[in-house]
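Chain by chain, the residues run as shown.
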Amino acid sequence: MQLGWSALLVLGAAFGLVYGFLLQRGDFCFTSAFRDLYAFRHTRVLQGILVAVVVTTLGWGLAMTAGWATPDRLWVPPVGWNSLLGGFLFGVAMYIAGGCASGTLYRAGMGYGQFWLTLAGMGAGYYAFLRLFPDVLAPHFFEPLAITGPVTLYRLLPWPPLITAALAVAVLLAAIAVVAGPASIGRAVAETAAFFRQGPAALLRLRSWDTRAVGLLLGLVSTLQFSLWTIWGITGPETRLVAVAWGALDDPARVAANPYVANLFRDYPGLVPGPEELLIVGIIAGAALSARLNGTFRWRRPRLRRLPNALAGGFLLAFASRLTPGCNVGNLLSGLPALSLHSLLATVGIAAGIYAAWKVAHLRQAAAVRSCGVEPASAPAEGAATASPSAVS
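Let us look at the structure shown here.

**Describing the packing of helix H1 (residues 5–26) against helix H11 (residues 211–228)**
Between H1 and H11, whose axes approach to 9 Å, the crossing angle comes to 170°. Between H1 and H11, the crossing angle belongs to the class labelled roughly antiparallel. Here Leu-11, Phe-15, Val-18, Tyr-19, Leu-22, Leu-23 and Gly-26 of H1 lie close against H11, whose contacting residues are Thr-211, Val-214, Leu-217, Leu-218, Val-221, Ser-222, Leu-224, Gln-225 and Leu-228.

If you want it as structure tokens, here you go:
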């Protein structure tokens, strides 16, 4: 079923509202997921991400097998060393900025001035990439680092998509069982079911939702979006918004002639915002709505000492997302369910980049503490009270 442009605009705004609402309720920040794993061995958000990947993978496999969607809707970029290198830089940027691409949006919606500055830094990063792409990045970065074209298990294996998806999920669950123990999966399922038994009215009053429940809902919503329209991403649409602003301030024909811009807008009626850009706006609005309903919305002035992190981190976040290409949502929540080799490499790079940035910060902090003659405190055990990601980002 082909939907018209107006219908797609409505869908984009609606899906954005839902994503924003869910991300805010789960405090679903990918930076926190990896940082808490490395620093404290806490897996609260990481469990939600894994649930989202599992549900989305099975949902998309079902959608393609049932004929609700076709494989050409999958986002499967070419494979290159840039997949790994760009992902690494994106992970470093996530740590510097204190938030991921989606986390920046939902926290901006909650009233964090710091993350509005991060968005400003990201805008500058997208603009710099677009200007450098034709003459510098395309010939001297992407082409030398290219390995092969798009690779996905859906094209390599001759089975129905649902069988391929189920096999991939089985491998992931087996790995989780080996690392965390077989009982961890059953316990997670039981606790998630208990969360939903509270009922809609009680859930709406909760300030924070179980991240595994949020991951389940994100996977279901993503499957619905994939069946009706396309995958969801963050930094691609944000790049389009910057291109639209550039065109408004410059010669639109010259901007549209940029090869990267031309590819971004190949299915658009012109250099105008479209449904995916409304999805971005919807995420901010959905997060603001959720924060209003649970009493967590308030305007927060940015901390002066964090301004360099917001601006520089945002710039690198945007620039690295184009080098990879893709962000935490595009690669982890859309690329991994597409069984894309590119997104697997990018995910490894993102995890490694966050670890490297955290390790450097940790070593610097430990050295500063020792210089004062104090031994650094040991990490708390799993389940011990820690500052919320929003408070420390």
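**Observations regarding the nonpolar core**
Grouped together as the largest cluster of nonpolar side chains are 62 residues, with contacts concentrated most on Ile-49 and Ile-234. In terms of residues, this core owes the most to one element, H1, which gives 7 residues. Once residues lying within four places of it in the same chain are set aside, the contact partners of Ile-234 are Ala-101, Ser-102, Leu-105, Ile-280, Ile-283, Cys-327 and Val-329. Counting residues in each nonpolar core, the second largest holds 19 residues, with Phe-142, Trp-246, Tyr-268 and Phe-319 among its members.

**Concerning the pattern of salt bridges**
Using the criterion set out here, one finds 7 salt bridges in the structure. Residue Arg-35 pairs with Asp-36 through a salt bridge whose shortest N-O separation is 4.0 Å. With respect to class, Arg-35 is no different from Asp-36; both count as buried. Among the salt bridges present, the one from Arg-212 reaches Glu-191, with a minimum N-O distance of 2.7 Å.

**Quick look at unusual backbone geometry**
A cis amide bond, omega -10°, links Thr-324 with the succeeding residue Pro-325. Examined against the element boundaries, Pro-325 turns out to sit in the loop between helix H16 (307–323) and helix H17 (328–335). Backbone geometry places Asp-27, a non-glycine residue, at a positive phi of 45°. Tracing the chain through its elements places Asp-27 in the loop between H1 and helix H2 (30–40). Phi is positive for Arg-41, which is not a glycine, with a value near 65°.

**Things to note about the layout of surface pockets**
Its volume calculated, the largest pocket comes out at about 1600 Å³. Contributing to the lining of the largest pocket are 49 residues, with Trp-75, Thr-230, Arg-240, Arg-266 and Glu-276 lying nearest its centre. Considering only residue class, the lining of the largest pocket consists of 29 nonpolar, 12 polar and 8 charged.

**Description of a nonpolar patch on the surface**
A grouping of Trp-159, Ile-163, Leu-167 and Val-171 is seen on the molecular surface, where their side chains present a nonpolar patch of about 380 Å² in accessible area. Its location among the elements puts Leu-167 in helix H8 (residues 161–180).

**Quick notes on helix H5 (residues 101–109)**
The element H5 is largely enclosed, with a buried count of 9 among its 9 residues. Taken residue by residue, H5 has Ala-101, Ser-102, Gly-103, Thr-104, Leu-105, Tyr-106, Arg-107, Ala-108 and Gly-109 as its buried positions. Phi turns positive, to about 105°, at Gly-111, one or two residues after H5.

**Concerning the packing of aromatic side chains**
In this description, an aromatic ring pair is defined by two values, namely the gap between the centres and the angle between the planes. Within the structure shown, the criterion is met by 24 aromatic pairs. With centroids separated by 5.0 Å and ring planes inclined at 65°, the aromatic side chains of Phe-133 and Tyr-260 adopt a geometry described as edge-to-face. In this pair, Phe-133 is assigned in helix H6 (residues 113–145) and Tyr-260 in helix H14 (residues 259–264), connecting sequence segments 127 residues apart. Take Tyr-260: its relative accessible area is 14%, and that puts it in the buried class. Chaining the aromatic ring pairs together yields one cluster made of Phe-129, Phe-133, Phe-141, Phe-142, Tyr-260, Phe-315 and Phe-319. When the ring centre of Tyr-112 is taken as origin, the NZ or CZ atom of Arg-300, which lies over that ring, is 4.1 Å away.

Parameters and conventions
- Residues numbered from 1 in each chain as written.
- Predicted model: local features only at pLDDT ≥ 70, side-chain atom pairs only at ≥ 80, totals over all residues.
- Heavy atoms only, no water.
- Axes fitted to C-alpha atoms, helices over the stretch in contact; angles between N-to-C directions.
- Helix = DSSP H or I, 4+ residues; strand = E, 2+ residues; numbered from the N terminus.
- Parallel < 35°, antiparallel > 145°, perpendicular 65-115°, else oblique.
- Contact = heavy atoms within 4.5 Å.
- Core = buried A, V, L, I, M, F, W, Y, C linked by side-chain atoms within 4.5 Å.
- Buried < 20%, exposed > 50% of the residue type's maximum accessible area, 1.4 Å probe, protein only.
- Salt bridge = Lys/Arg side-chain N within 4 Å of Asp/Glu carboxyl O.
- 1 Å grid on protein atoms, 1.4 Å probe; cavity = no way out; pocket = protein on both sides within 12 Å on 5 of 7 lines; lining within 4 Å.
- Points joined across faces, edges and corners; volume = space filled by probe spheres on them.
- Nonpolar A, V, L, I, M, F, W, Y, C, P; charged D, E, K, R; others polar.
- Patch = residues over 30% accessible without salt bridge, like charges linked within 9 Å, V, L, I, M, F, W, Y side chains within 5 Å.
- Areas by Shrake-Rupley, 256 points an atom, 1.4 Å probe, with all protein chains shown as cover.
- Phe/Tyr/Trp six-rings, centres within 6.5 Å; stacked < 30°, edge-to-face > 60°.
- Lys NZ or Arg CZ within 6 Å of the ring centre and 35° of its normal.

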